[in-house]
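Chains, contacts and geometry: an overview
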Amino acid sequence: MASHLEIVPSSEWRKKLHDRGGAPVTRCFQCATCCSVCKLAPEEQPFPRRQMLWSQWGLSDRMASDPGLWLCHQCNDCTTHCPRDARPGDILQAARSLAVERLAVPGFLGKLVGNAKSTWPILLGIPFLFWVAALYAVNGLTIPESPLVYDRLVPHWLIYAVFFSVTGFILITAGAGAIKFWNQIGRDKPRQGSFIGSLIPVLMDIAFHGRFGKCDTAKSRKWGHFALLWGFVLAAVASAFIIVAMYILMEELPLPFWHPFKIIGNVAAVFLVVGGFMVLQNRLRQDKPAGNATAYDNFFLSVVLMVVITGVLTEVGRYLMHPELASWIYILHLTSVLSLFVTFPFSKFAHLIYRTLAMVHERMTIKS
Amino acid sequence: MDKVGLFLCTGCEIGAAINTENIEELAKERGAKFFANHPCLCSEEGINLIHNAVENDGLNGLCIAACSHREKTEEFRVNPLKISMERVCLREQVAWTHKPNDEDTQMLAEDLLKMGLARIAKNELPAASQETIDRTVLVVGAGLAGLQAARAAAGMGHPVVLVEKQAKLGGYLNRVKTLVPEKPPYDSPHPNNLADIVAEVEDHKTIKIFKGSKIKSIQGQPGQFDVVVQTASGEENFKAGAVIQATGAKPYDADKLSHLGYGKSPRVITSHELEDLMSQGGLKTPLPGRVVFIQCAGSRDEKHLRYCSGECCATTLKQVATLHASHPQVECAVMYRDFRAPGQLEHFYASVQEKTGCMFTRGEVESVETLDGDKLRIQMQNSLLGEQVSLEADMVVLATGMVPVSADGEAIRELQDARVRINKNESATQVEEAKKIEAKNIHHEGTEILNLHYRQGPDMPVLSYSFPDSHYICFPYETRRTGIYAAGTLRAPMDAAQASEDGWGAAMKAVQCIEANTHGMAVHPRAGDTSIASFFLQRCTQCKRCTEECPFGTLNEDKKGTPEYFPLRCRRCGICLGACPERIISFPEYSVDSVASMIKAIEVPEEDEEKPRMIALLCENDAIPALDQAAGRRMQWNPWIRIIPVRCLGAVNTVWIADSLSRGIDGVILIGCKSGDDYQCHYIRGSELAKTRMTNVQETLDRLTLESERVQVHELSHNEFHRIPELLDAFAETIEQVGPNPYKGF
């Protein structure tokens, strides 16, 4: 009877799921209220009920190769309405973290970030030690005199060297994970149409947070996430423009306050601060619109907030702080940015890739 | 009755719908000694009017022409031993449902009055009961239900005799350590306090206990049962007023479940065997890694038990909770078809899911196979996602259902009758047929429990699943033997808490029966009826139709086959009256003659008047209440139909049909309760018998070249009031199409 699907309710995977906040899955009695209230679930293959059942059955393969897992935006409408308090939103979030770990290339990094609960000192400590060591090697960690010019503390070539290599690392590792995921979710369902043709409307949806806006319970989360997303996009744009300013327009740094590129950078900072504050507020709220956060979730949010706070303080510190303090804040900023970038394919940040791909896959498999 | 008064109420729109001027004349013409009308007869003034007339004019019969007999029963209550009363329904059947001041409406009202007066003229007063009633309650079976029944009956001041087959009281629950939760917060097993109840019953002064004993025989009737108990040391004789049978249930035979691995591997056990293991100190080592519970093992299954036993799901929850508490390292999984944890047990279900981490998954288990190395593989289909799944286990627990420990009295009697015929050896074909019946019923031999001396068999008749309950929802504890009540798992599958409650319920029914008998009254459903049937035995032809067709085994037979009537077994349904071809059975207020005289009282217009006349015989239990509801909603129907309420469709004698048709009535419609497996007939077989009898009538009509459509039988339930006008109008239309009765005017 090879046709029978073997179920393993006590699998290692399920134990891990419990550790990652998925313990309430045992309470589920499969009433499907979750599917009925979910505004994002596709009609043909609704979630999260089947994912709850696969979780109870301990089917890790199914869960890792399931696009539905990623189409979920963790609105938590299901958690709000679940008559058994089985918290489907949390279960899917936990399952996503395990899926990211499973898709990770190289695998050990997936495990390292996945276990952020115990490994977070490494994940932040190594980038910090790296910067300290690098600066020591480059200029003996000399703190420059006032007025502070950061280039004197960390030369631009070093920044380029580090972050261009990190970008390469991300492209390779995240790319490998993305390809693995894309192949797995496409195994059972043939796709139609062009990838780009589907990607564009998906990106439009992401840009305006169309899906996120459908949520009831997590309505407050939409704008925080929106501000953070656009903050990061504008920060990236500002960074690119600064390179243009430096090497094409040959302007001197720091740029004056009213310089258009500077304004873009500051607008990005405002978005990031506001978004970060809103996300933090939602995370701390008693009614938990974002579900029960785990160490994995908190690690990612902490690094993002650290990037934002140290970033703003770096800009302000240049004028207001003692150069030594400002310099160390800058080092912490670089530490957090490096940590955020290196862990990108393995942390919650990876949802950027997998959710986008799942949405593209969904568009390419919808019957017209 | 010879001194009848007609009291006409003109309230509730009756006065506005009919002309009451010449009613007094009509009443006097039809033999009434007194007439009065009142705009509100049920008012104090109206009631006084009736009482004064009874006192001053010496009336012994009251004909109350007002609302339905189901209304104002308290106001119009009389002593039935002194005064006979008939209710003529002018409100529901005339004023509310027909065109006011119409010629047809007037004729309808006058006909109903004539019918009422004709009927009451034939009524007789019932004689007061002279029976001596014993107050003892006999409880058969000392499981939880029986113990509670004994305790309850004794608590209500009745002497109790408790008979138990085993040497120890307590029944099945002696095997069980804990029960499902019975108290808030309903999250952990409840201690089994059986020992306390046993101790209380054993210490009770008015409860006499026979352990290791059986019922040898029960003779007679409720209130006067002669009981013989066979004990280890001899026989005990005593009288009892009522009997409670609480002989419990046994687990379904798991040997029939080999497809689920039972008998193939010692690692497949039943939930009852697990219960034994757990009350004897837990699982044996080496402990299983994973225990899988399979629900509905042999239940809700065409090949096995077709019903749900109701308690297995909760028991499994209890076993998972207990197992987890004693062996937390053992993983549990439950495979179910529908998980049934009703009421507060939902809290238990949720708590077990959360605390034990046990997986509960839905589907149909197809097979349990034994693998190498003591492993078992369970294959399941129709899982929630439609897939076939399989799961490995080290131990499988089959949640098997329960089978009542009942005896099929009718089957035993069939067997006995067949043997009598074989011994008589009258003809080869008869012997051959009897042998077939013997072979079919041979497995019932020796299963007797109550050993009743009843014509219809030594035990109670059972429903299709062997439960002796007489009606599945409306009347709990009732059986088809008056004064004998079923309680606990014998009555229906149930858990301990319900069985406990059942014991109390059955005890109350038993006490109620004894009380009713003491007052010379019938029990449910004609509770309070003081009349009993009389048999004019000189004309009896020993056809045995009454003894066969009585749903309650009221009649025994003497050697010649003449019926022997036991009035205290009787429910007064009148099915015997409907059955008797010699028309020798009658009740003081319901007889072949009284209904026939009602039919005779109907004015049948000449054919050229083009006013057909039809009779509707409506069952009092469902059809009349439905009609009253339809009337309350002011529905209208054909005014040419005359309604006669009957005790049951089974209480319709076919001679009434013949009388009607020979008098020129154009058609007769019968409306009764639903028959079939889920029958709603209050007397079990009434509508079914009526259908058979009327089919015979229709065949006769065909032979007489009278159209068979003139006689129709319909069934409806209490809530289908909207069908009353539909049925009546459709019938009237059919009769109009068929044309006038050719016997009209003869």
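Structural notes, computed from the coordinates. (Residues numbered from 1 in each chain as written. Chains lettered and ligands numbered in written order. Predicted model: local features only at pLDDT ≥ 70, side-chain atom pairs only at ≥ 80, totals over all residues.)

1. Description of the sheet that holds strand 6 (residues 160-163) of chain B
Residues and elements named next belong to chain B. Heads up, the condition is: We treat two strands as partners when DSSP finds at least two bridges between them. The way it works is that DSSP assigns letters per residue, a run of H or I at least four long becomes a helix, a run of E at least two long becomes a strand, and they are numbered from the N terminus. Inter-axis angles, ranging from 0 to 180 degrees, are taken between N-to-C directions of lines fitted to C-alpha atoms, where helices are fitted over the stretch in contact. Throughout, a pair of residues is in contact if the C-beta atoms placed from their backbones lie within 7 Å.
The strand order across the open sheet built from five strands is 9-6-5-13-24, with neighbouring strands paired in parallel fashion. The open sheet is flanked by strand 9 (207-210) and strand 24 (484-486), the only strands paired with a single partner. Strand after strand, the sheet turns through a mean of 20 degrees between neighbouring axes, direction not considered. Taken together, the three bridges between strand 13 (residues 242-245) and strand 24 define a ladder with parallel strand orientation. Paired with Gln-245 across the two strands is Ala-486, which belongs to strand 24. Its contacts with the sheet place helix 6 (residues 144-155) against strand 5 (137-140), strand 6, strand 9 and strand 13, and it is angled at close to 170 degrees to strand 6.

2. Structural notes on the packing of helix 3 (residues 49-57) of chain A against helix 7 (residues 88-103) of chain A
Two measures define how a pair of helices packs: the angle their axes make with one another and the distance between the axes. All names here are of chain A. For clarity, the cut-off: Note on convention: near helix rotated counterclockwise from far helix by under a right angle means a left-handed crossing. Clockwise means right-handed. Each residue is assigned to one class: nonpolar for Ala, Val, Leu, Ile, Met, Phe, Trp, Tyr, Cys and Pro, charged for Asp, Glu, Lys and Arg, and polar for all the others, Gly among them.
At a minimum axis distance of 10 Å, the contact between helix 3 and helix 7 shows a crossing angle of 65 degrees. For the pair helix 3 and helix 7, the crossing hand works out as left-handed. On helix 7, the residues touching Gln-51, Met-52 and Ser-55 of helix 3 are Pro-88, Ile-91, Leu-92 and Ala-95. Grouping the amino acids of the contact of helix 3 with helix 7 by side-chain chemistry returns five nonpolar, two polar and no charged.

3. A few points about the environment of Phe-475 of chain B
Residues and elements named next belong to chain B. Selection rule: Put plainly, a residue is buried at 20 or more neighbouring C-beta atoms within 10 Å of its own, exposed at 12 or fewer, and partly exposed in between, counting only other residues' C-beta atoms, which are placed from the backbone.
As for its placement among the helices and strands, Phe-475 is situated in the loop between helix 12 (428-441) and strand 24. Classification of Phe-475 by C-beta neighbours within 10 Å gives partly exposed; the count is 14. Spatially, the C-alpha atoms of Phe-475 and His-682 are 9.1 Å apart, while their sequence positions differ by 207 residues. Among all residues touching Phe-475, those that are not within four sequence positions of it are Ser-470 and His-524.

4. Considerations on the environment of Phe-344 of chain A
Residue and element names in this part refer to chain A. Structurally, Phe-344 is set in the loop between helix 16 (323-343) and helix 17 (351-365). Sequence separation between Phe-344 and Ala-174 is 170 residues; the distance between their C-alpha atoms is 7.9 Å. Dropping the residues within four chain positions of it, Phe-344 is found in contact with Ile-170, Ala-174, Phe-349 and Ala-350.

5. Looking at the interface of chain B and chain A
Contacts between the two partners involve 19 residues from chain B, matched on the other side by 16 residues from chain A. When residues of the side of chain B that touches chain A are traced back to their parent elements, those giving at least two are strand 17 (331-336), helix 10 (345-356), strand 18 (359-362) and strand 21 (389-393) of chain B. Of the residues forming the side of chain B that touches chain A, the biggest block, four residues, is contributed by strand 18 of chain B. Broken down by class, the residue content of the side of chain B that touches chain A amounts to eight nonpolar, six polar and five charged. Bridge count between strand 1 (residues 5-6) of chain A and strand 21 of chain B: two bridges; the pairing is parallel. In the sheet register, Glu-6 of chain A faces strand 21 of chain B, and the bridge partner there is Ser-390 of chain B.

Limitation: the analysis is restricted to geometry and does not speak to function.
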